[in-house]
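# Remarks on the overall topology
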Amino acid sequence: MTDSRYNVIIIGGGVVGLAVALEITRRFPRLRLLVLEKEDAVARHQSGHNSGVIHSGVYYKPGSLKARLCVAGAAAMVEFCRQHNIPHKVCGKVIVATHAEELPRLEDLRQRGEANGLAGLRLIGPEELREIEPHASGLQALLVPSTGITDYAVVSKKYAELIAAGGGTVLTSAAANGIQRNTSETVVETPRGAFATASLINCAGLFSDRISRMAGDRPSARIIPFRGEYYDLIPERASLVRALIYPVPDPRFPFLGVHFTRRITGTVDAGPNAVLALAREGYRHSDINLRDLASALTFPGFWRMAFRYWRNAFGEWYRSLSKPAFVRALQRMLPEVRESDLVPGGSGVRAQALKPDGTLVDDFQFVPSGKVLHVLNVPSPAATASLTIAKAIVDTATFLSE
Ligand SMILES: Cc1cc2nc3c(=O)[nH]c(=O)nc-3n(C[C@H](O)[C@H](O)[C@H](O)COP(=O)(O)OP(=O)(O)OC[C@H]3O[C@@H](n4cnc5c(N)ncnc54)[C@H](O)[C@@H]3O)c2cc1C
């Protein structure tokens, strides 16, 4: 017994699920479309707890989905914000090398960025760095002019508004609790009713692997939650940072290292670090979910990852528990910043897919299974690239045009 029938259901009202829904309403205006979101509003998880950076695409391996979709996606995001009067700014950023061994990695990044088609990348010396960011210090920096900032919660709400205007439905407080598949249709059970659909797209972020199993599939990767914690610069010291100041990232790790971000609201924060969260929606140290924890600890890839990255993990935990250690990491780029300048800020939890061999899935991953498509790895820069990711997903979901 179902309450309603749809041509396509999307599970997950984050920036990716909503962008996919928007793309479908634009490309297939006649399809009946439903987005199911478990929270009482959209963008309550990763999409509303991130740094708000419109990434340029400088970091990603040339030819990867991340590189292609981020570079085009950043331009599309700026244009979307402009069209819909969403606050945004293309403020540029500097990636600062503070140790000699980082200099070749900075040059590698420049070459990567150029291979990805970014314009205006330039290595600059300490004096020019100080003209751009008067309080930053380093041996050399890479200037990335196309990086910007916005607020992805606002972007997500605009996507939801446009989906409704295009004839789609976004249903909140509607967690997918069960999925039944048969040859002709799929039925999704929620507290707000059971909904039948010809096709299903899983954009459930931190729960995308679980939704995949609920739909009868066997995802090869497991979602491991990594919390990112921020400190806020107190308003009197926010003038230490004009725009975005980043370190040179560790190439073995998918996270960018703690950085300074001037938000679109004008405040400045520092972070996020990357610590293993003990719950998939564990925004605080004290948040523990035994099912989530068991899901990580019983996955063989987890122990292989722990063995490989234990040094990084230990460093991240130490910086998470010790403010002086966190501040020391920041002082490498901004020597004037003091412990008293920083107060605890927000946090976010990243959904990072992990393979059984212990490697972190680097690229975006979309996995079709009949008339179901699972979006299993869309970490940063997926908010930036949401519009182009949506196009790629809809291209992959060929069943939509059948
Ligand atoms: C700390 C941090 C900083 C980041 N910084 C940046 C940045 O500066 N720039 C950038 O481009 N990207 C950034 N990212 C990455 C970006 O935020 C994510 O890649 C993006 O938000 C992923 O969107 P999503 O829709 O897949 O996930 P989410 O926003 O997590 O959405 C998934 C949705 O699915 C819902 N859901 C889950 N299970 C169910 C169910 N059973 N039924 C119904 N609904 C369900 C959830 O409630 C959630 O709303 C950052 C991420 C984090 C955590």
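Figured I'd write up the structure that's included with this text. These numbers were taken from a predicted model, which means no experiment stands behind them.

## A closer look at the layout of surface pockets
Counted as a void, the second largest pocket has a volume near 650 Å³. Surrounding the second largest pocket, 29 residues form its lining, Asp-250, Asn-312, Glu-316, Arg-319 and Arg-332 being those nearest its centre. Counting residues per element, the lining of the second largest pocket draws most heavily on helix 8 (residues 300-321), which supplies seven residues. Per-class residue counts for the lining of the second largest pocket are twelve nonpolar, six polar and eleven charged.

## Section: empty space enclosed by the protein
Empty space left among the atoms is revealed by rolling a probe the size of a water molecule over them. Taken as a whole, this structure holds three cavities of 30 Å³ or more when the rule is applied. As a volume, the largest cavity reaches approximately 50 Å³. Every residue lining the largest cavity is listed: Gln-46, Gly-205, Ser-208, Ile-223, Ala-351, Val-375, Leu-376, Asn-377, Val-378 and Pro-379. Of the residues forming the lining of the largest cavity, the biggest block, three residues, is contributed by strand 19 (residues 372-377). Per-class residue counts for the lining of the largest cavity are six nonpolar, four polar and no charged.

## Remarks on the site of the ligand
By nearness alone, 39 residues border the ligand, and Glu-37, Ser-47, Ala-176, Val-378 and Thr-384 come closest of all. Between the ligand and the protein, one listed contact pairs an oxygen atom with a backbone N or O atom of Gly-52 at 3.5 Å. Ala-176 places a main-chain nitrogen or oxygen 2.8 Å from a nitrogen atom of the ligand. Across the complex, the protein chains shield 97% of the 1,000 Å² of accessible surface that the ligand would expose by itself. Those elements giving two or more residues to the shell around the ligand turn out to be helix 1 (15-27) and strand 17 (342-354).

## Some words on the nonpolar core
If you look at the biggest cluster of nonpolar residues, it comprises 47 residues, and the most contacted ones within it are Ile-10, Val-16, Val-20, Tyr-159, Ile-201 and Ile-389. Elements with a contribution of two residues or more to this core: strand 1 (4-11), helix 1, strand 2 (33-36), helix 2 (65-83), helix 5 (152-165), strand 19 and helix 10 (386-396). Sorting elements by how many residues they give to this core places helix 1 first, with eight residues. Beyond its immediate stretch of four places on either side in the chain, Val-16 contacts Cys-203, Val-375, Val-378, Ala-382, Ile-389 and Ile-393.

## Some points on the packing of helix 8 against helix 9 (residues 323-331)
Each pair of packed helices can be described by the angle between their axes along with the distance between the axes. At their nearest, the axes of helix 8 and helix 9 sit 5 Å apart, and the two run at 110 degrees to each other. Classified by the angle between their axes, helix 8 and helix 9 sit roughly perpendicular to one another. Each of Tyr-318, Arg-319 and Leu-321 in helix 8 lies in contact with helix 9, whose residues at this interface are Lys-323, Ala-325, Phe-326, Arg-328 and Ala-329. Considered class by class, the residues forming the contact of helix 8 with helix 9 number five nonpolar, no polar and three charged.

## Examining the packing of aromatic side chains
The tally for this structure, following the rule as stated, stands at six aromatic pairs. Between Tyr-59 and Tyr-60 the ring centres are 6.0 Å apart and the planes differ by 65 degrees, which places this aromatic pair in the edge-to-face class. Taken as a pair, Tyr-59 and Tyr-60 share a single burial class, namely buried. Centroid distance Phe-80 to Tyr-159: 5.1 Å. Interplanar angle 70 degrees. Geometry classified as edge-to-face. Here Phe-80, found in helix 2, pairs with Tyr-159, found in helix 5; they are 79 residues apart in sequence, far enough to count as distant. Residue Phe-80 shares its accessibility class with Tyr-159, and that shared class is buried. Above the ring of Tyr-6, the side-chain terminus of Arg-32 is found at 4.5 Å from the ring centroid. Over the face of the ring belonging to Tyr-230 we find Arg-263, whose NZ or CZ atom lies 5.3 Å from the ring centre.

## Describing the packing of helix 2 against helix 5
For the pair helix 2 and helix 5, interaxial distance at closest approach is 11 Å and the crossing angle is 70 degrees. Our classification of the angle between helix 2 and helix 5 gives roughly perpendicular. From helix 2, Met-77, Phe-80 and Cys-81 reach across to helix 5, where they touch Tyr-152, Val-155, Lys-158, Tyr-159 and Leu-162. Here the contact of helix 2 with helix 5 is composed, by residue class, of seven nonpolar, no polar and one charged.

## A look at helix 8
Every α-helix carries 3.6 residues per turn, so stepping three or four residues along brings you back to the same face. Spanning 22 residues, helix 8 covers only 27 Å between terminal C-alpha atoms, well under the ideal 32 Å at 1.5 Å per step. Of all the bends found along helix 8, the most pronounced is centred on Tyr-309 and spans about 80 degrees. Within the span of helix 8, buried status applies to Gly-301, Phe-302, Met-305, Tyr-309, Asn-312, Gly-315, Glu-316 and Ser-320. For helix 8, the secondary structure elements touched by its buried residues are strand 12 (222-233), strand 16 (275-276), helix 7 (290-297) and strand 17.

Definitions and cut-offs
Residues numbered from 1 in each chain as written. Predicted model: local features only at pLDDT ≥ 70, side-chain atom pairs only at ≥ 80, totals over all residues. Heavy atoms only, no water. 1 Å grid on protein atoms, 1.4 Å probe; cavity = no way out; pocket = protein on both sides within 12 Å on 5 of 7 lines; lining within 4 Å. Points joined across faces, edges and corners; volume = space filled by probe spheres on them. Helix = DSSP H or I, 4+ residues; strand = E, 2+ residues; numbered from the N terminus. Nonpolar A, V, L, I, M, F, W, Y, C, P; charged D, E, K, R; others polar. Near = heavy atom within 4 Å. Polar contact = N/O pair within 3.5 Å; in protein donor to acceptor, adjacent residues only side chain to side chain. Areas by Shrake-Rupley, 256 points an atom, 1.4 Å probe, with all protein chains shown as cover. Core = buried A, V, L, I, M, F, W, Y, C linked by side-chain atoms within 4.5 Å. Buried < 20%, exposed > 50% of the residue type's maximum accessible area, 1.4 Å probe, protein only. Contact = heavy atoms within 4.5 Å. Axes fitted to C-alpha atoms, helices over the stretch in contact; angles between N-to-C directions. Parallel < 35°, antiparallel > 145°, perpendicular 65-115°, else oblique. Phe/Tyr/Trp six-rings, centres within 6.5 Å; stacked < 30°, edge-to-face > 60°. Lys NZ or Arg CZ within 6 Å of the ring centre and 35° of its normal. Expected span 1.5 Å × (residues − 1). Bend = angle between axes of the 7 residues up to and from the residue.

Remember that the coordinates give geometry; whether it matters functionally is a separate question.
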